[in-house]
Amino acid sequence: MPNPTSDFVTLKFSAAGPRKVSIYSMDGKLWLNKSMMLSVEKIDLSAFPSGIFIVQIDSGNYKKSFKIIRQ
């Protein structure tokens, strides 16, 4: 379920380890492509326009996608 935000999104994982996080707008534009290692990562969305975005997380054997709403 989408979660409205205006500035930051915090991603929490069960363990630290390499993963790739990508954020796309609904029209398919890539807004963020970042490698992350920590179990808690804070992503700054303040430069993103308002709208709905898809967050994709890929750690090799684990893949997940979810929506966020930037107000």
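Predicted model only: the values in this text are computed from it and were never measured.

Quick notes on the rules
Each chain has its residues counted from 1, running along the sequence as written. The predicted nature of this model means local features are confined to residues of pLDDT at least 70 and side-chain atom pairs, given and counted, to a pLDDT of 80 or more, with totals for whole chains, interfaces and linings taken over all residues. For side-chain calculations, the full set of non-hydrogen atoms in the structure is used, while hydrogens and water are omitted. In this description, a nonpolar core means a group of buried Ala, Val, Leu, Ile, Met, Phe, Trp, Tyr and Cys residues linked to one another through side-chain atoms lying within 4.5 Å. Between buried and exposed lies partly exposed: a residue is buried under 20% and exposed over 50% of the maximum accessible area for its type, with that area taken using a 1.4 Å probe on protein chains only. What counts as a helix is a DSSP run of H or I of at least four residues, what counts as a strand is a run of E of at least two, and both are numbered from the N terminus. In what follows, residue pairs with any heavy atoms lying within 4.5 Å of each other are defined as contacts. Strand pairing requires that DSSP identify at least two bridges connecting the strands.

*Asks:* Please clarify how the nonpolar core should be interpreted in this entry.
*Replies:* Residues Leu11, Val21, Ile23, Ile43 and Leu45 are the most contacted members of the largest nonpolar core, which totals 14 residues. Of all the elements in the fold, those that place two or more residues in this core are β2 (8–12), β3 (19–25), β4 (30–36) and β6 (51–58). Residues in contact with Leu11, not counting those within four places in the same chain, are Val21, Met36, Ser39, Val40, Glu41, Ile43 and Phe66.

*Asks:* Please explain the pairing of β4 as it appears in this structure.
*Replies:* Along a regular strand, successive side chains alternate from one face of the sheet to the other. Pairing between β3 and β4: 6 bridges, direction antiparallel. By the bridge assignment, Tyr24 is partnered in β4 with Leu30. Hairpin connection from β3 to β4: 4 residues lie between these consecutive antiparallel strands, with Gly28 at a positive phi of about 90°.

Without other data, these values stay purely geometric and don't point to any function.
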